[in-house]
Amino acid sequence: MDNVIRLALQKSGRLSDDSRKLIKECGIKFNNGMGKLKSSATNFPIEFLFLRDDDIPGYVADGVADIGIVGENVLLEAKPDVELSKRLGFSKCRLSLAIPKEKEYSDASYFEGKRVATSYPEILKDYFKSKGVNASIHEISGSVEIAPGIGLADGVCDIVSSGSTLFTNGLKEVEEVIKSEAVMIANKGLSAEKRKLLEQILFRIDTVLSARNYKYILLNAPNESIEEIKAYLPGVNSPTVMPLAKEGWSSLHSVIQEDRFWEVIEKIKAAGAEGVLVLPIEKMIQ
Ligand code: PRT
Ligand code: ZN
């Protein structure tokens, strides 16, 4: 079926809520009734397959699914022959090496001749190779963090986000091996029709992700401060400046990047801005 694109999503787990949310924010309506393996949308030619995350890259490579959302870590480990279409900015984490907290550590040579437990043997093998370290890698599928405590390994290589799992198991993070986030992957041999559908989805995702990164800002300022304030608001376009009824004052509208927000706010307040309003942007087309 060339007129419908099949998207594989994680059935349940750390990727599933944010993946579904992103698709819904792209205006694609679907029923994700619990326990279902398949679903389709009412207003876009797309079918969903709900799978275990580890199975997604293989299904996309084989063409059972056309596209999929998966953690980059799973992709780097399995190295399937798929295209990485877009980084999606959620489920951010890192794959790190950790050792018992009381051990002294200087650099990766610490792991020479040591046993390291991990669910990511391929990524770790490449990492040790790049550092010229010979370590023995023990592949285990879950609860990697308990391996040193039970004498199974001298260290671990596991996914970290807050660090609390390592901490509660008496471990400290010593090297970041890779960074990871959710990514959209695609089969390399998509038909022209499916490629077009993928492009439409990616365009919508860009629109949603840009909007998340920016805020709309409105403020009032004395005319003599406008130039200085404009310089602090590089925005996407040049700011809109409109005269206020109050003599000598103007209203200025622009967009600012979320991560520069506090820095910018302090500067524009110091420059004389008043009545500052900051609003979320729902969609942004650049
Ligand atoms: O059932 P299925 O096979 O589909 O899911 P899963 O259990 O294999 O994966 P899941 O749902 O746990 O994770 C899916 C993806 O989320 C991973 O492949 C990562 O890309 C990403 N992700 C983001 C994480 C984490 N954060 C994370 N914290 N995956 C796992 N963890 C685990 C980690 O393994 C460790 O046990 O959380 C613990 C560490 O968390 P902190 O916060 O204590 O550091
Ligand atoms: Zn999994």
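Scroll up to find the structure.
Here the structure is a predicted model, which is why all the values come from computation and not from measurement.

Reading the values: the criteria
Every chain is numbered on its own, with residues counted from 1 as its sequence reads. Written order determines the labels here, with chains lettered from A and ligands numbered from 1. Local features in a predicted model are, by the rule used here, given only for residues with pLDDT of at least 70; side-chain atom pairs are given and counted only at 80 or more, and totals for whole chains, interfaces and linings are based on all residues. Values reported for side chains reflect all heavy atoms of the structure, with hydrogen atoms and water molecules removed beforehand. Strands are runs of DSSP state E lasting at least two residues, helices are runs of H or I lasting at least four, and both sets are numbered from the N terminus onward. Radius of gyration means the value over C-alpha atoms here, while the globule rule gives 2.2 Å times the residue count to the 0.38 power. When accessible area is computed with a 1.4 Å probe and restricted to protein chains, residues below 20% of their type maximum are described as buried, those above 50% as exposed, and intermediate ones as partly exposed. Calculation of accessible area relied on Shrake-Rupley with a 1.4 Å probe; when residues are assessed, cover is drawn exclusively from the protein chains displayed. Side-chain atoms within 4.5 Å link the members of a nonpolar core, which is a set of buried Ala, Val, Leu, Ile, Met, Phe, Trp, Tyr and Cys residues. In what follows, a contact means two residues having at least one pair of non-hydrogen atoms within 4.5 Å. Water is absent from the atoms considered, so a metal site may look incomplete; donors are defined as N, O and S atoms within 2.8 Å of the metal, or 3.2 Å for Na, K and Ca. Donor angles set the geometry label: tetrahedral for four donors if every angle is between 85 and 135 degrees, square planar for four and octahedral for six if opposite donors exceed 155 degrees and the others are between 65 and 115, irregular for anything else.

Trainee: Could you clarify how one ought to interpret the overall build of the protein chain in this entry?
Mentor: A tally of regular secondary structure across the protein chain gives 8 helices and 15 strands. What you see for the protein chain is a C-alpha radius of gyration of 24 Å, clearly larger than the 19 Å of a compact globule of 286 residues, by over 25%. Principal-axis analysis of the C-alpha atoms gives the protein chain an extent of 75 × 55 × 35 Å. For the protein chain, buried positions account for 46% of its 286 residues. Surface accessibility of the protein chain: about 15,100 Å² in total, with carbon and sulfur atoms responsible for 50%.

Trainee: Help me understand the nonpolar core, please; the structure alone is not making it clear to me.
Mentor: Taken as a class, soluble globular proteins show a tendency for nonpolar side chains to be buried jointly. Counting residues in each nonpolar core, the largest one holds 29 residues, and the members touching the most others are L7, I46, F48, I67, M184 and I201. Sorting the residues of this core by element identifies β1 (5–10), α1 (16–25), β3 (46–51), β4 (67–71), β11 (182–187) and α6 (192–213) as the ones contributing at least two each. Per element, the largest residue contribution to this core is 7 residues, and it comes from α6. If we ignore the near neighbours within four places in the chain, the residues touching M184 are L7, I67, G68, I69, E83, L84, S85, K86, L88, I201, L202 and I205. Y110, F111, F128 and V133 belong to the second-largest nonpolar core, a separate cluster that totals 17 residues.

Trainee: Would you mind going over the side chain of S19 with me for this structure?
Mentor: Residue position: S19 is located in helix α1. Setting aside its immediate chain neighbours within four residues, S19 contacts L9, I69 and F90.

Trainee: Help me out: how do you make sense of the coordination of the zinc ion (ligand 2) in this one?
Mentor: Tetrahedral coordination by four donors puts the ideal angle at the metal at 109.5 degrees, and octahedral coordination by six puts it at 90 or 180 degrees. Protein-derived coordination of the zinc ion (ligand 2) comes from D53 (OD) and D54 (OD), at a distance range of 1.9 to 2.1 Å. Around the zinc ion (ligand 2) sit 4 donor atoms, and with donor-metal-donor angles ranging over 74 to 174° the site reads as irregular.

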